[in-house]
Amino acid sequence: MDDIHFFDPSRETYIGYLGHQVAFFHEPSEEDIKSVLSETKGDRKFDVQLLSKSFNRVYWVSWMQKGGEHVANEMSILRVILPVNPKAKALAEIATLMYIQEKSSLPVPYVKGYDLDCGNQIGNEWIELSFIEGRPLPYMKQHGEVNWYLVEPSSRHELISQLMGFYESMFQNPLSAIGTLINGSMLDSPELSMKVVTPISSEFFHGAKAQGANTDRTAFPNSALWLNNLMKIKRKESEAATSNPGHAQRTGRIIKRLTKLMGKLFDSSICETTVLTNPDIRHGDIIMNKDNLSGLRHKAPEISDYMDEAGAFLDDEALNDYNRHRLQFERTVLHKLFLEEAYRRLPDWKKIYDSPLTRLRKDYSIAVNCCSDTAKQPAIERWLDTVEVGWQNIRQQTPVGTPDISPLGFAIRSLEDRIYDDLNTSDTVKPAIVGPE
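Everything numeric here is computed off the predicted structure, so don't read it as measured data. (Residues numbered from 1 in each chain as written. Predicted model: local features only at pLDDT ≥ 70, side-chain atom pairs only at ≥ 80, totals over all residues. Heavy atoms only, no water.)

Caption draft 1: Spatial organisation of the overall build of the chain. Broken down by element type, the chain carries eleven helices and eleven strands. Here the analysis covers contacts within the chain between residues at least 6 apart in sequence; of these, 63% occur between residues at least 24 apart. Total accessible area computed for the chain in this model is approximately 23,700 Å², and 51% of it derives from carbon and sulfur atoms. (Helix = DSSP H or I, 4+ residues; strand = E, 2+ residues; numbered from the N terminus. Contact = heavy atoms within 4.5 Å. Areas by Shrake-Rupley, 256 points an atom, 1.4 Å probe, with all protein chains shown as cover.)

Below, the structure written as structure tokens:
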């Protein structure tokens, strides 16, 4: 069994991308969930409460469990999975949790049970996970920031330590390709343990199929092939939007320039090692289990800086600016603590992170992912203008030998900076800012 392909067109009931509808095979009900739980846990009185229905259905379930003379209240989280990519997505989630538990000490839910046969009583795939008690990080929606002032110092340092421990473990256990983890033993293939297979992400199981992009349905051995296939999908998406042909043409021009630049940043002939990561961790995904939340003082922005001599705010937005800048300051401090810990524990990672070529590659990845985003296209085009002019200068200054594009990483303003700091219109480099990592 050389490769694993889960994309089964006969089971595509989802089509939830680019305006199509998504539907469960059968609408989940609390009574059906109780019936399934009774099959695995015996005749109990189950309490089932719906927690979320934004994508998957997420339920909190509890029951009384007898053990000798003791009676305990048992709890689980049961996720009924929307069939966007039947079987494959659930298998990938299970394998990823198992891999994290095997390779690191990061506290993630463990899988208590699952059923990927949609012929069950619930009528859909489901996974039962252990219940983790706690609360999500405090979030100020109006500013788009976590309120770190309400998280005590010990909790912040524990969070940094646990995340750093996870990334250290992943860095020390590299994988062989870009894609999705699957546990071969769950496929009646005991000769396979963990294997990287076809990417299970929205672009590849929705966009590619819906738009007929000629993409590779396999794991990618390097970044060049991954990004090239992603650009194929982005091009098809923009071409499908027939109501705005100008946008499709603009996206096509950006992709053409990115394709020309790719060979200077990536090598499509090599096999790269990769690590397991989650680029989409949000405040609600992190649970803190300490109840005594208190403030923390640093040399943060002073409110007096936003007031005039009479003690009045400088304008109507001054108070909002102060609150937003204070929260951004706390995030920056936390980011600095993370980097200090990473530099101390992973010197090889530090070399990669500090490399000017890494900075260019990161910007290139942002450009590919956002190349069809109307709001970000102007910043991408300005970044490409600067990179192309810089490359021409480097070529003229290197009459013999192979020109090296990497010095541009520290010489030009990053695309990340252009997108998240749009008040600055300069093209010159500035110290790296803290944006979404």
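Here the narrative resumes.
Caption draft 2: Just the environment of arginine 331, in detail. Relative to the elements of secondary structure, arginine 331 occurs in helix α7 (residues 318–345). On a C-alpha basis, the gap between arginine 331 and valine 146 in space is 7.9 Å, while along the polypeptide they are 185 residues apart.

Caption draft 3: Focus on helix α3 (residues 153–172). Helix length check: α3, at 20 residues, gives a terminal C-alpha distance of 28 Å against a target of 28 Å (1.5 Å per residue), a fit within 8%. Of the positions making up α3, those classed as buried are Ser155, Arg156, Leu159, Ile160, Met164, Gly165, Phe166, Glu168, Ser169 and Met170. (Expected span 1.5 Å × (residues − 1). Buried < 20%, exposed > 50% of the residue type's maximum accessible area, 1.4 Å probe, protein only.)

Caption draft 4: Seen up close, the side chain of glutamate 272. Within the element layout of this structure, glutamate 272 appears in the loop between α6 (245–265) and β11 (287–288). It turns out glutamate 272 is buried and unbridged, and the closest side chain with the opposite charge, arginine 361, is 5.7 Å from it. Polar contacts involving the side chain of glutamate 272 include one to the side chain of serine 223, which spans 2.8 Å. Setting aside anything within four residues of it in sequence, one finds glutamate 272 in contact with Leu175, Ser176, Ala177, Pro221, Asn222 and Ser223. (Lys, Arg positive; Asp, Glu negative; His and termini not counted. Salt bridge = Lys/Arg side-chain N within 4 Å of Asp/Glu carboxyl O. Polar contact = N/O pair within 3.5 Å; in protein donor to acceptor, adjacent residues only side chain to side chain.)

Caption draft 5: Structural view of the environment of threonine 259. Secondary-structure assignment places threonine 259 in helix α6. In this structure, threonine 259 is in contact with Met231 and Tyr364, ignoring residues within four places of it in sequence.

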